[in-house]
Amino acid sequence: MLNSSLKQLAAALAAKKVSSVELTTLFLDRIEKYNPSLNAFITVDRDKALAAARAADGKVGAGGTARSPLHGIPLAHKDIFCAQGWRTTCGSKMLANFVAPYDANVVGKINAAGMVMVGKCNMDEFAMGSSNETSFFGPVKNPWDTARVPGGSSGGSAAAVAARLVPAATGTDTGGSIRQPAALCGLTGLKPTYGVVSRYGMIAFASSLDQGGPMAKSAEDCALLLNAMAGFDARDSTSLERPAEDYTRELDKPLTGFRIGLPKEFFGAGMDDGVRAAVDAALAEYRQLGATTVEVSLPNSSLSVPAYYVIAPAEASSNLARFDGVRYGHRAAEYTDLIEMYEKSRAEGFGAEVKRRILIGTYVLSHGYYDAYYLKAQQVRRLIAADFAAAFTQCDVILGPTTPSVAFKFGEKSADPVQMYLSDIYTIAVNLAGLPGMSIPCGFDQNLPVGLQIVGPWFAEARMLGVAHRYQQATDWHTRLPAGLEAAR
Amino acid sequence: MSLTLDDVHRIAHLARLEISAAEAEQTRGQLNAILAFVDELQAAATTGVTPMAHAVDVVQRLREDVVTEPDRRDAFQAIAPETEAGLYLVPKVIE
(Lines give C-alpha, C1' and ligand atoms only; values in the text may rest on other atoms or scores of the structure.)
Protein backbone atom coordinates (compact mmCIF):
# COMPACT_ATOMS: atom_id res chain seq x y z
CA MET A 1 0.00 0.00 0.00
CA LEU A 2 2.83 2.40 0.87
CA ASN A 3 4.18 2.43 -2.66
CA SER A 4 0.87 2.08 -4.48
CA SER A 5 -0.24 4.69 -6.96
CA LEU A 6 -3.33 6.76 -6.22
CA LYS A 7 -5.18 4.78 -8.89
CA GLN A 8 -4.23 1.49 -7.20
CA LEU A 9 -5.27 2.83 -3.79
CA ALA A 10 -8.58 4.01 -5.20
CA ALA A 11 -9.18 0.58 -6.76
CA ALA A 12 -8.35 -1.20 -3.47
CA LEU A 13 -10.73 1.11 -1.60
CA ALA A 14 -13.50 0.69 -4.17
CA ALA A 15 -13.14 -3.09 -4.06
CA LYS A 16 -13.21 -2.92 -0.25
CA LYS A 17 -9.86 -4.70 -0.03
CA VAL A 18 -8.94 -1.97 2.42
CA SER A 19 -10.95 0.69 4.22
CA SER A 20 -10.03 4.34 4.40
CA VAL A 21 -9.67 3.96 8.18
CA GLU A 22 -7.17 1.12 7.71
CA LEU A 23 -5.25 3.03 5.05
CA THR A 24 -5.22 6.23 7.10
CA THR A 25 -4.08 4.33 10.20
CA LEU A 26 -1.24 2.77 8.22
CA PHE A 27 0.08 6.20 7.24
CA LEU A 28 -0.57 7.79 10.67
CA ASP A 29 1.47 5.00 12.29
CA ARG A 30 4.25 5.59 9.82
CA ILE A 31 4.20 9.33 10.53
CA GLU A 32 4.44 8.55 14.25
CA LYS A 33 7.45 6.35 13.61
CA TYR A 34 9.43 8.46 11.16
CA ASN A 35 8.37 12.06 11.68
CA PRO A 36 10.40 12.62 14.87
CA SER A 37 13.57 12.16 12.80
CA LEU A 38 12.35 13.91 9.62
CA ASN A 39 10.29 16.80 11.06
CA ALA A 40 8.17 16.83 7.90
CA PHE A 41 4.96 17.72 9.75
CA ILE A 42 4.09 20.73 11.89
CA THR A 43 0.68 19.35 12.85
CA VAL A 44 -0.76 15.82 12.71
CA ASP A 45 -4.29 15.20 13.98
CA ARG A 46 -5.10 11.50 14.31
CA ASP A 47 -8.64 12.09 15.59
CA LYS A 48 -9.62 14.46 12.80
CA ALA A 49 -7.98 12.23 10.19
CA LEU A 50 -9.74 9.09 11.40
CA ALA A 51 -13.07 10.92 11.60
CA ALA A 52 -12.64 11.96 7.96
CA ALA A 53 -11.65 8.40 7.05
CA ARG A 54 -14.73 6.99 8.80
CA ALA A 55 -16.88 9.48 6.91
CA ALA A 56 -15.24 8.42 3.64
CA ASP A 57 -15.87 4.76 4.45
CA GLY A 58 -19.46 5.56 5.37
CA LYS A 59 -20.11 7.07 1.98
CA VAL A 60 -18.96 3.87 0.28
CA GLY A 61 -21.93 1.80 -0.66
CA ALA A 62 -24.33 4.54 0.37
CA GLY A 63 -25.02 4.46 -3.34
CA GLY A 64 -26.23 6.95 -5.85
CA THR A 65 -23.42 9.46 -6.12
CA ALA A 66 -20.32 8.78 -8.17
CA ARG A 67 -17.14 8.40 -6.15
CA SER A 68 -14.27 10.73 -6.85
CA PRO A 69 -11.19 8.85 -8.10
CA LEU A 70 -9.41 10.03 -4.91
CA HIS A 71 -12.13 9.06 -2.41
CA GLY A 72 -10.78 7.83 0.93
CA ILE A 73 -7.08 8.36 0.12
CA PRO A 74 -4.99 10.15 2.80
CA LEU A 75 -3.10 13.35 1.95
CA ALA A 76 -1.19 16.14 3.70
CA HIS A 77 -1.33 19.86 2.97
CA LYS A 78 1.54 22.29 3.08
CA ASP A 79 0.97 24.42 6.18
CA ILE A 80 0.40 27.47 3.97
CA PHE A 81 -3.17 26.35 3.17
CA CYS A 82 -5.82 27.43 5.68
CA ALA A 83 -7.93 24.51 6.89
CA GLN A 84 -10.88 25.32 9.13
CA GLY A 85 -10.25 24.23 12.72
CA TRP A 86 -6.63 23.31 11.96
CA ARG A 87 -3.62 25.23 13.22
CA THR A 88 -2.17 26.92 10.13
CA THR A 89 1.29 28.35 10.84
CA CYS A 90 2.98 29.04 7.48
CA GLY A 91 6.15 27.90 9.25
CA SER A 92 6.21 31.10 11.34
CA LYS A 93 6.17 32.08 14.98
CA MET A 94 3.82 34.84 13.80
CA LEU A 95 1.08 32.24 13.19
CA ALA A 96 2.24 29.56 15.66
CA ASN A 97 -1.18 29.60 17.39
CA PHE A 98 -3.35 30.59 14.43
CA VAL A 99 -6.33 28.26 13.97
CA ALA A 100 -7.80 28.98 10.55
CA PRO A 101 -11.47 30.01 10.59
CA TYR A 102 -12.08 28.88 6.99
CA ASP A 103 -10.86 26.46 4.31
CA ALA A 104 -8.59 27.43 1.44
CA ASN A 105 -10.18 26.70 -1.93
CA VAL A 106 -7.69 23.88 -2.46
CA VAL A 107 -8.50 22.36 0.93
CA GLY A 108 -12.24 22.56 0.24
CA LYS A 109 -11.83 20.92 -3.17
CA ILE A 110 -9.60 18.14 -1.82
CA ASN A 111 -12.11 17.53 0.99
CA ALA A 112 -14.94 17.47 -1.52
CA ALA A 113 -13.03 14.83 -3.49
CA GLY A 114 -13.25 12.65 -0.37
CA MET A 115 -9.54 12.72 0.44
CA VAL A 116 -8.50 12.38 4.08
CA MET A 117 -6.29 15.14 5.47
CA VAL A 118 -3.84 13.72 8.01
CA GLY A 119 -1.79 16.81 8.76
CA LYS A 120 0.02 19.98 7.80
CA CYS A 121 3.53 19.87 6.39
CA ASN A 122 6.54 21.86 7.52
CA MET A 123 7.86 24.58 5.22
CA ASP A 124 10.22 27.53 5.04
CA GLU A 125 8.74 30.47 6.94
CA PHE A 126 6.12 32.15 4.72
CA ALA A 127 7.50 29.99 1.86
CA MET A 128 10.69 32.08 1.81
CA GLY A 129 13.56 29.68 1.44
CA SER A 130 15.03 26.85 -0.62
CA SER A 131 16.16 24.52 2.16
CA ASN A 132 13.47 24.47 4.87
CA GLU A 133 16.04 25.93 7.26
CA THR A 134 13.95 29.09 7.80
CA SER A 135 11.00 27.27 9.44
CA PHE A 136 10.24 28.39 13.00
CA PHE A 137 9.48 24.71 13.66
CA GLY A 138 12.96 23.54 12.73
CA PRO A 139 14.42 22.20 9.49
CA VAL A 140 13.00 19.18 7.66
CA LYS A 141 15.50 16.38 6.99
CA ASN A 142 15.90 14.85 3.55
CA PRO A 143 14.87 11.16 3.76
CA TRP A 144 17.69 10.28 1.33
CA ASP A 145 20.33 11.70 3.70
CA THR A 146 19.27 13.31 6.96
CA ALA A 147 22.40 15.51 6.98
CA ARG A 148 21.00 17.24 3.89
CA VAL A 149 18.17 19.66 3.17
CA PRO A 150 14.95 18.49 1.50
CA GLY A 151 14.77 21.71 -0.50
CA GLY A 152 12.14 24.36 0.01
CA SER A 153 9.91 25.88 0.56
CA SER A 154 7.58 22.82 0.26
CA GLY A 155 10.26 20.65 1.92
CA GLY A 156 7.94 19.02 4.46
CA SER A 157 5.51 17.94 1.73
CA ALA A 158 8.42 16.53 -0.30
CA ALA A 159 10.02 14.67 2.61
CA ALA A 160 6.64 13.28 3.72
CA VAL A 161 5.87 11.77 0.31
CA ALA A 162 9.47 10.61 -0.30
CA ALA A 163 9.44 8.75 3.04
CA ARG A 164 6.00 7.34 2.22
CA LEU A 165 4.41 9.04 5.24
CA VAL A 166 1.52 10.05 2.96
CA PRO A 167 0.60 8.97 -0.59
CA ALA A 168 0.60 12.59 -1.82
CA ALA A 169 0.75 16.19 -0.65
CA THR A 170 0.03 19.71 -1.77
CA GLY A 171 2.69 22.36 -2.22
CA THR A 172 3.05 25.91 -3.47
CA ASP A 173 5.60 27.35 -5.85
CA THR A 174 6.58 31.03 -6.05
CA GLY A 175 10.11 30.59 -7.43
CA GLY A 176 10.58 26.82 -7.45
CA SER A 177 9.10 25.74 -4.11
CA ILE A 178 7.35 22.65 -5.54
CA ARG A 179 9.89 21.69 -8.21
CA GLN A 180 13.15 22.17 -6.26
CA PRO A 181 12.14 20.04 -3.22
CA ALA A 182 10.54 17.47 -5.58
CA ALA A 183 13.91 17.25 -7.35
CA LEU A 184 15.92 17.02 -4.13
CA CYS A 185 13.65 14.32 -2.65
CA GLY A 186 13.06 12.26 -5.83
CA LEU A 187 9.41 13.16 -6.42
CA THR A 188 7.13 14.32 -9.19
CA GLY A 189 5.83 17.86 -8.58
CA LEU A 190 3.84 20.21 -10.77
CA LYS A 191 3.43 23.98 -10.63
CA PRO A 192 0.45 24.79 -12.85
CA THR A 193 0.06 27.82 -15.08
CA TYR A 194 -0.52 30.91 -12.93
CA GLY A 195 -4.26 31.24 -12.28
CA VAL A 196 -5.22 27.57 -12.73
CA VAL A 197 -5.32 26.74 -9.00
CA SER A 198 -7.08 29.19 -6.70
CA ARG A 199 -4.96 31.18 -4.23
CA TYR A 200 -7.93 31.73 -1.89
CA GLY A 201 -6.89 30.74 1.63
CA MET A 202 -3.31 30.10 0.55
CA ILE A 203 -1.28 32.49 2.71
CA ALA A 204 0.17 35.05 0.30
CA PHE A 205 3.90 35.53 -0.31
CA ALA A 206 4.22 37.10 -3.79
CA SER A 207 0.74 37.21 -5.26
CA SER A 208 1.68 37.57 -8.93
CA LEU A 209 3.86 34.43 -8.71
CA ASP A 210 2.30 32.13 -6.06
CA GLN A 211 0.67 28.98 -7.38
CA GLY A 212 -0.40 25.76 -5.63
CA GLY A 213 0.11 22.31 -7.08
CA PRO A 214 0.48 18.58 -6.40
CA MET A 215 3.53 16.67 -5.13
CA ALA A 216 3.37 12.90 -5.54
CA LYS A 217 5.15 9.74 -6.61
CA SER A 218 4.31 9.91 -10.32
CA ALA A 219 2.94 12.05 -13.13
CA GLU A 220 -0.24 9.98 -13.15
CA ASP A 221 -0.80 10.75 -9.45
CA CYS A 222 -0.15 14.47 -10.08
CA ALA A 223 -2.67 14.49 -12.94
CA LEU A 224 -5.39 13.01 -10.71
CA LEU A 225 -4.61 15.51 -7.94
CA LEU A 226 -4.60 18.44 -10.33
CA ASN A 227 -8.03 17.37 -11.57
CA ALA A 228 -9.23 17.87 -7.99
CA MET A 229 -7.29 21.09 -7.28
CA ALA A 230 -7.77 23.16 -10.46
CA GLY A 231 -10.73 25.32 -11.38
CA PHE A 232 -12.13 28.83 -11.40
CA ASP A 233 -12.75 30.48 -8.04
CA ALA A 234 -14.44 33.87 -7.87
CA ARG A 235 -12.75 34.54 -4.50
CA ASP A 236 -9.31 34.70 -6.17
CA SER A 237 -9.12 37.87 -8.28
CA THR A 238 -6.61 36.30 -10.69
CA SER A 239 -8.28 32.90 -10.98
CA LEU A 240 -8.84 32.11 -14.65
CA GLU A 241 -12.28 31.36 -16.05
CA ARG A 242 -11.57 28.37 -18.26
CA PRO A 243 -13.46 25.18 -19.05
CA ALA A 244 -12.57 22.27 -16.73
CA GLU A 245 -9.88 19.96 -18.08
CA ASP A 246 -9.08 16.29 -17.57
CA TYR A 247 -5.35 16.44 -16.90
CA THR A 248 -5.00 12.66 -17.45
CA ARG A 249 -6.14 12.90 -21.07
CA GLU A 250 -2.67 12.94 -22.66
CA LEU A 251 -0.89 10.53 -20.31
CA ASP A 252 -0.66 7.79 -22.91
CA LYS A 253 -0.04 9.96 -25.95
CA PRO A 254 3.05 8.71 -27.85
CA LEU A 255 6.03 11.05 -28.18
CA THR A 256 6.65 10.30 -31.85
CA GLY A 257 7.47 13.54 -33.62
CA PHE A 258 7.46 15.44 -30.34
CA ARG A 259 9.87 18.41 -30.23
CA ILE A 260 11.88 18.97 -27.04
CA GLY A 261 13.58 22.35 -26.65
CA LEU A 262 16.89 22.52 -24.79
CA PRO A 263 17.72 26.08 -23.70
CA LYS A 264 21.46 26.51 -24.16
CA GLU A 265 21.52 28.79 -21.11
CA PHE A 266 20.36 25.89 -18.89
CA PHE A 267 23.15 23.60 -20.05
CA GLY A 268 26.09 25.95 -19.53
CA ALA A 269 28.46 26.36 -16.60
CA GLY A 270 27.07 26.11 -13.10
CA MET A 271 25.51 22.67 -13.36
CA ASP A 272 27.23 19.81 -11.49
CA ASP A 273 28.67 17.07 -13.72
CA GLY A 274 26.57 14.38 -12.05
CA VAL A 275 23.38 16.35 -12.67
CA ARG A 276 24.39 16.93 -16.29
CA ALA A 277 25.04 13.19 -16.80
CA ALA A 278 21.60 12.26 -15.43
CA VAL A 279 19.82 14.91 -17.53
CA ASP A 280 21.74 13.85 -20.67
CA ALA A 281 20.74 10.23 -20.07
CA ALA A 282 17.10 11.31 -19.72
CA LEU A 283 17.32 13.17 -23.03
CA ALA A 284 18.72 10.02 -24.68
CA GLU A 285 15.74 8.10 -23.29
CA TYR A 286 13.36 10.68 -24.78
CA ARG A 287 15.00 10.26 -28.20
CA GLN A 288 14.46 6.51 -27.81
CA LEU A 289 10.80 7.26 -27.16
CA GLY A 290 10.57 9.06 -30.49
CA ALA A 291 11.07 12.69 -29.52
CA THR A 292 13.53 15.01 -31.25
CA THR A 293 15.58 17.68 -29.49
CA VAL A 294 16.27 21.18 -30.68
CA GLU A 295 18.45 23.86 -29.13
CA VAL A 296 16.54 26.98 -28.12
CA SER A 297 17.64 30.15 -26.37
CA LEU A 298 16.31 32.09 -23.39
CA PRO A 299 18.74 35.01 -23.65
CA ASN A 300 17.47 36.91 -20.60
CA SER A 301 17.31 33.94 -18.25
CA SER A 302 20.41 35.05 -16.32
CA LEU A 303 18.36 38.07 -15.20
CA SER A 304 15.53 35.98 -13.77
CA VAL A 305 16.95 35.57 -10.25
CA PRO A 306 17.78 39.30 -9.89
CA ALA A 307 14.33 40.27 -11.25
CA TYR A 308 12.66 37.81 -8.88
CA TYR A 309 14.52 39.19 -5.86
CA VAL A 310 13.04 42.61 -6.57
CA ILE A 311 9.49 41.56 -7.50
CA ALA A 312 8.94 38.82 -4.89
CA PRO A 313 10.20 40.86 -1.90
CA ALA A 314 8.23 43.91 -3.11
CA GLU A 315 5.00 41.89 -3.15
CA ALA A 316 5.93 40.15 0.11
CA SER A 317 6.53 43.44 1.94
CA SER A 318 3.02 44.49 0.94
CA ASN A 319 1.35 41.14 1.67
CA LEU A 320 3.01 40.70 5.05
CA ALA A 321 1.95 44.18 6.19
CA ARG A 322 -1.27 42.48 7.31
CA PHE A 323 0.56 40.85 10.23
CA ASP A 324 0.17 43.71 12.66
CA GLY A 325 -0.70 41.94 15.91
CA VAL A 326 -4.24 43.37 15.86
CA ARG A 327 -6.60 40.87 14.25
CA TYR A 328 -4.67 37.58 14.43
CA GLY A 329 -1.16 36.29 14.93
CA HIS A 330 1.55 37.17 17.40
CA ARG A 331 1.30 40.29 19.55
CA ALA A 332 4.24 41.46 21.68
CA ALA A 333 3.70 41.33 25.44
CA GLU A 334 4.95 44.85 26.15
CA TYR A 335 4.62 48.11 24.23
CA THR A 336 3.87 51.73 24.97
CA ASP A 337 1.99 52.82 21.85
CA LEU A 338 0.49 51.52 18.61
CA ILE A 339 3.63 51.93 16.46
CA GLU A 340 5.74 50.16 19.05
CA MET A 341 3.16 47.39 19.23
CA TYR A 342 3.44 46.88 15.46
CA GLU A 343 7.23 47.06 15.42
CA LYS A 344 7.78 44.72 18.36
CA SER A 345 5.09 42.21 17.32
CA ARG A 346 6.54 41.98 13.82
CA ALA A 347 10.18 41.88 15.00
CA GLU A 348 9.33 39.02 17.38
CA GLY A 349 7.01 37.15 15.02
CA PHE A 350 9.12 37.07 11.85
CA GLY A 351 12.40 35.21 11.35
CA ALA A 352 15.59 36.59 9.79
CA GLU A 353 14.95 35.67 6.14
CA VAL A 354 11.39 37.00 6.19
CA LYS A 355 12.64 40.28 7.68
CA ARG A 356 15.37 40.56 5.03
CA ARG A 357 12.81 40.18 2.27
CA ILE A 358 10.40 42.64 3.86
CA LEU A 359 13.24 45.18 4.13
CA ILE A 360 14.38 44.64 0.52
CA GLY A 361 10.80 44.92 -0.68
CA THR A 362 10.15 48.06 1.36
CA TYR A 363 13.33 49.63 -0.03
CA VAL A 364 12.68 48.86 -3.71
CA LEU A 365 9.15 50.27 -3.42
CA SER A 366 10.22 53.38 -1.51
CA HIS A 367 10.23 56.88 -2.94
CA GLY A 368 13.08 57.44 -5.38
CA TYR A 369 13.93 53.76 -5.95
CA TYR A 370 10.70 52.42 -7.47
CA ASP A 371 11.70 53.07 -11.11
CA ALA A 372 15.27 51.83 -10.75
CA TYR A 373 14.29 48.55 -9.14
CA TYR A 374 10.63 47.59 -9.31
CA LEU A 375 9.71 49.00 -12.71
CA LYS A 376 13.00 47.78 -14.19
CA ALA A 377 12.40 44.27 -12.81
CA GLN A 378 8.89 44.24 -14.29
CA GLN A 379 10.30 45.21 -17.68
CA VAL A 380 12.86 42.41 -17.47
CA ARG A 381 10.02 40.09 -16.51
CA ARG A 382 8.35 40.94 -19.83
CA LEU A 383 11.60 40.11 -21.69
CA ILE A 384 11.85 36.76 -19.90
CA ALA A 385 8.24 35.85 -20.76
CA ALA A 386 8.84 36.87 -24.40
CA ASP A 387 11.92 34.61 -24.55
CA PHE A 388 9.77 31.63 -23.59
CA ALA A 389 7.04 32.56 -26.09
CA ALA A 390 9.69 32.69 -28.85
CA ALA A 391 11.22 29.36 -27.77
CA PHE A 392 7.83 27.64 -27.83
CA THR A 393 7.45 28.43 -31.55
CA GLN A 394 10.25 25.87 -32.05
CA CYS A 395 9.33 23.16 -29.56
CA ASP A 396 6.44 21.52 -27.66
CA VAL A 397 8.08 21.48 -24.23
CA ILE A 398 11.38 22.61 -22.74
CA LEU A 399 13.54 20.19 -20.76
CA GLY A 400 16.54 20.81 -18.52
CA PRO A 401 17.82 20.38 -14.99
CA THR A 402 15.52 21.42 -12.12
CA THR A 403 18.45 22.39 -9.90
CA PRO A 404 22.19 22.89 -10.47
CA SER A 405 23.10 20.32 -7.81
CA VAL A 406 21.60 17.54 -5.70
CA ALA A 407 20.51 18.16 -2.08
CA PHE A 408 23.09 20.22 -0.19
CA LYS A 409 24.06 19.94 3.47
CA PHE A 410 22.47 21.90 6.30
CA GLY A 411 24.29 25.18 6.83
CA GLU A 412 26.04 25.01 3.46
CA LYS A 413 24.20 27.99 1.99
CA SER A 414 22.28 29.48 4.91
CA ALA A 415 25.00 32.02 5.79
CA ASP A 416 24.91 33.63 2.34
CA PRO A 417 21.42 34.63 1.13
CA VAL A 418 22.54 35.21 -2.48
CA GLN A 419 24.06 31.68 -2.74
CA MET A 420 20.78 30.26 -1.44
CA TYR A 421 18.80 32.31 -3.98
CA LEU A 422 20.89 30.87 -6.83
CA SER A 423 19.75 27.32 -6.05
CA ASP A 424 16.51 28.29 -7.84
CA ILE A 425 18.30 29.51 -10.97
CA TYR A 426 16.46 27.16 -13.37
CA THR A 427 13.02 27.40 -11.81
CA ILE A 428 12.44 31.11 -11.16
CA ALA A 429 12.05 32.23 -14.79
CA VAL A 430 9.06 29.88 -15.11
CA ASN A 431 7.21 31.70 -12.31
CA LEU A 432 8.03 35.11 -13.74
CA ALA A 433 6.52 34.04 -17.07
CA GLY A 434 3.55 32.33 -15.32
CA LEU A 435 4.23 29.07 -17.15
CA PRO A 436 3.55 25.54 -15.93
CA GLY A 437 6.65 23.66 -14.71
CA MET A 438 7.30 20.16 -13.41
CA SER A 439 10.12 18.18 -11.91
CA ILE A 440 10.47 14.40 -12.27
CA PRO A 441 13.22 12.11 -10.96
CA CYS A 442 15.77 11.21 -13.68
CA GLY A 443 18.64 9.50 -11.88
CA PHE A 444 21.14 9.94 -9.09
CA ASP A 445 24.33 11.84 -8.33
CA GLN A 446 26.24 10.90 -5.16
CA ASN A 447 23.32 8.56 -4.33
CA LEU A 448 20.96 11.55 -4.20
CA PRO A 449 18.04 12.15 -6.60
CA VAL A 450 18.38 14.41 -9.64
CA GLY A 451 15.36 16.27 -11.02
CA LEU A 452 14.49 16.82 -14.68
CA GLN A 453 12.50 20.00 -15.25
CA ILE A 454 9.71 20.05 -17.83
CA VAL A 455 8.39 23.48 -18.84
CA GLY A 456 5.41 23.86 -21.12
CA PRO A 457 3.57 26.71 -22.82
CA TRP A 458 0.74 28.34 -20.87
CA PHE A 459 -1.99 25.75 -20.06
CA ALA A 460 0.03 22.76 -21.39
CA GLU A 461 -0.20 20.81 -18.10
CA ALA A 462 -1.85 17.78 -19.72
CA ARG A 463 0.87 17.65 -22.39
CA MET A 464 3.66 17.92 -19.79
CA LEU A 465 2.08 15.23 -17.62
CA GLY A 466 2.07 13.00 -20.72
CA VAL A 467 5.73 13.76 -21.38
CA ALA A 468 6.50 12.82 -17.77
CA HIS A 469 4.30 9.71 -17.78
CA ARG A 470 5.83 8.27 -20.97
CA TYR A 471 9.25 8.56 -19.34
CA GLN A 472 8.02 6.99 -16.11
CA GLN A 473 6.61 4.07 -18.10
CA ALA A 474 10.06 3.49 -19.61
CA THR A 475 12.21 4.12 -16.50
CA ASP A 476 11.96 3.35 -12.78
CA TRP A 477 13.74 6.32 -11.16
CA HIS A 478 10.44 7.51 -9.67
CA THR A 479 9.98 4.19 -7.83
CA ARG A 480 13.35 4.28 -6.02
CA LEU A 481 13.27 4.59 -2.24
CA PRO A 482 15.63 6.09 0.33
CA ALA A 483 17.86 3.37 1.85
CA GLY A 484 16.71 3.87 5.44
CA LEU A 485 13.11 3.21 4.43
CA GLU A 486 13.48 -0.31 3.05
CA ALA A 487 10.54 -1.29 5.20
CA ALA A 488 8.38 0.63 2.80
CA ARG A 489 8.88 -2.10 0.21
CA MET B 1 24.17 52.33 -4.38
CA SER B 2 25.05 51.19 -0.89
CA LEU B 3 22.80 51.43 2.17
CA THR B 4 24.03 53.29 5.26
CA LEU B 5 23.07 52.36 8.81
CA ASP B 6 20.64 55.30 8.80
CA ASP B 7 19.04 53.89 5.64
CA VAL B 8 18.57 50.51 7.31
CA HIS B 9 16.88 52.11 10.33
CA ARG B 10 14.66 54.22 8.06
CA ILE B 11 13.59 51.20 5.96
CA ALA B 12 12.98 49.13 9.10
CA HIS B 13 10.73 51.86 10.45
CA LEU B 14 8.83 52.06 7.14
CA ALA B 15 8.38 48.28 7.37
CA ARG B 16 7.33 48.54 11.03
CA LEU B 17 10.10 46.21 12.16
CA GLU B 18 11.94 46.97 15.39
CA ILE B 19 15.67 46.57 14.79
CA SER B 20 18.54 46.75 17.28
CA ALA B 21 21.85 48.50 16.52
CA ALA B 22 23.66 45.15 16.26
CA GLU B 23 20.97 43.69 13.97
CA ALA B 24 21.04 46.79 11.78
CA GLU B 25 24.79 46.47 11.25
CA GLN B 26 24.53 42.79 10.29
CA THR B 27 21.46 43.40 8.12
CA ARG B 28 23.19 46.26 6.31
CA GLY B 29 25.86 43.93 4.91
CA GLN B 30 23.30 41.34 3.80
CA LEU B 31 20.99 43.90 2.19
CA ASN B 32 23.89 45.47 0.32
CA ALA B 33 24.98 42.06 -0.99
CA ILE B 34 21.43 41.38 -2.23
CA LEU B 35 21.14 44.86 -3.79
CA ALA B 36 24.53 44.46 -5.52
CA PHE B 37 23.23 41.18 -6.93
CA VAL B 38 19.95 42.62 -8.22
CA ASP B 39 21.85 45.56 -9.73
CA GLU B 40 22.63 43.20 -12.64
CA LEU B 41 19.21 44.29 -13.87
CA GLN B 42 20.54 47.75 -14.68
CA ALA B 43 22.49 46.29 -17.64
CA ALA B 44 19.31 45.07 -19.37
CA ALA B 45 18.10 47.06 -22.38
CA THR B 46 14.47 47.82 -21.51
CA THR B 47 13.71 51.04 -23.37
CA GLY B 48 10.10 50.96 -24.51
CA VAL B 49 9.34 47.63 -22.77
CA THR B 50 5.96 47.65 -21.04
CA PRO B 51 6.34 46.52 -17.40
CA MET B 52 4.73 43.12 -16.74
CA ALA B 53 2.78 43.14 -13.49
CA HIS B 54 1.07 39.80 -13.94
CA ALA B 55 1.71 36.54 -15.73
CA VAL B 56 -1.67 36.41 -17.40
CA ASP B 57 -3.57 39.44 -18.62
CA VAL B 58 -6.82 39.50 -16.71
CA VAL B 59 -9.28 42.26 -16.04
CA GLN B 60 -10.87 42.77 -12.66
CA ARG B 61 -14.21 41.05 -12.55
CA LEU B 62 -17.23 43.03 -11.48
CA ARG B 63 -20.12 41.69 -9.45
CA GLU B 64 -23.46 42.95 -8.22
CA ASP B 65 -23.15 45.14 -5.12
CA VAL B 66 -24.98 42.74 -2.84
CA VAL B 67 -24.10 40.97 0.39
CA THR B 68 -22.48 37.63 -0.42
CA GLU B 69 -20.72 36.72 2.83
CA PRO B 70 -22.29 35.65 6.12
CA ASP B 71 -21.46 37.48 9.38
CA ARG B 72 -18.60 35.54 10.95
CA ARG B 73 -17.36 38.22 13.31
CA ASP B 74 -17.31 35.93 16.34
CA ALA B 75 -15.25 33.28 14.56
CA PHE B 76 -12.76 35.85 13.30
CA GLN B 77 -12.48 37.65 16.63
CA ALA B 78 -11.97 34.38 18.49
CA ILE B 79 -8.43 34.31 17.06
CA ALA B 80 -7.62 37.99 17.78
CA PRO B 81 -5.08 38.91 20.47
CA GLU B 82 -7.52 41.24 22.27
CA THR B 83 -11.16 42.14 21.66
CA GLU B 84 -14.03 43.65 23.60
CA ALA B 85 -17.70 43.96 22.68
CA GLY B 86 -17.00 43.05 19.06
CA LEU B 87 -14.13 45.51 18.72
CA TYR B 88 -10.41 44.91 18.26
CA LEU B 89 -8.41 46.51 21.07
CA VAL B 90 -5.21 48.46 20.38
CA PRO B 91 -3.24 51.01 22.45
CA LYS B 92 -4.83 54.43 22.62
CA VAL B 93 -4.26 56.27 19.32
CA ILE B 94 -5.98 59.61 20.04
CA GLU B 95 -5.43 61.34 23.37
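Predicted model, so just to flag it, every value in this text is computed and none were measured. (Residues numbered from 1 in each chain as written. Chains lettered and ligands numbered in written order. Predicted model: local features only at pLDDT ≥ 70, side-chain atom pairs only at ≥ 80, totals over all residues.)

Caption draft 1: Here's a closer look at the pairing of strand β10 (residues 437-445) of chain A. Residues and elements named next belong to chain A. The element β10 is largely enclosed, with a buried count of 7 among its 9 residues. Note that strand β5 (residues 188-191) and β10 share 3 bridges and pair antiparallel. Paired with Lys191 across the strands is Gly437, a residue of β10. Bridging between β10 and strand β11 (residues 448-455) involves 7 bridges; their strand directions are antiparallel. Looking across to β11, one finds that Phe444 is bridged to Pro449. Adjacent in sequence and paired antiparallel, β10 and β11 are bridged by 2 residues, among which Gln446 carries a positive phi angle near 55°. (Buried ≥ 20, exposed ≤ 12 C-beta atoms within 10 Å, placed from the backbone. Helix = DSSP H or I, 4+ residues; strand = E, 2+ residues; numbered from the N terminus. Pairing = 2+ DSSP bridges.)

Caption draft 2: Highlighting the interface of chain B and chain A. The interface of chain B with chain A comprises 39 residues on the first partner and 52 residues on the second. If you list the elements that add at least two residues to the side of chain B that touches chain A, you get α1 (5-14), α2 (21-38) and α3 (73-77) of chain B. For the side of chain B that touches chain A, the element with the highest residue contribution is α2 of chain B, accounting for 7 residues. Split by residue class, the side of chain B that touches chain A holds 29 nonpolar, 6 polar and 4 charged. (Contact = placed C-beta atoms within 7 Å. Nonpolar A, V, L, I, M, F, W, Y, C, P; charged D, E, K, R; others polar.)

Caption draft 3: Quick peek at the environment of Met1 of chain A. Residues and elements named next belong to chain A. You can see Met1 is positioned in the segment before α1 (6-14). C-alpha of Met1 to C-alpha of Pro167: the two residues are 166 residues apart in sequence and 9.0 Å apart in space. Contacts of Met1, omitting those with residues within four sequence positions, involve Leu9, Val18, Leu23 and Leu26.

Caption draft 4: The arrangement of helix α10 (residues 338-349) of chain A in detail. Over its 12 residues, α10 of chain A extends 16 Å from the first C-alpha to the last, a length consistent with the 16 Å expected when each residue adds 1.5 Å. Within the span of α10 of chain A, buried status applies to Met341, Tyr342, Glu343, Lys344, Ser345, Arg346 and Gly349 of chain A. (Expected span 1.5 Å × (residues − 1).)

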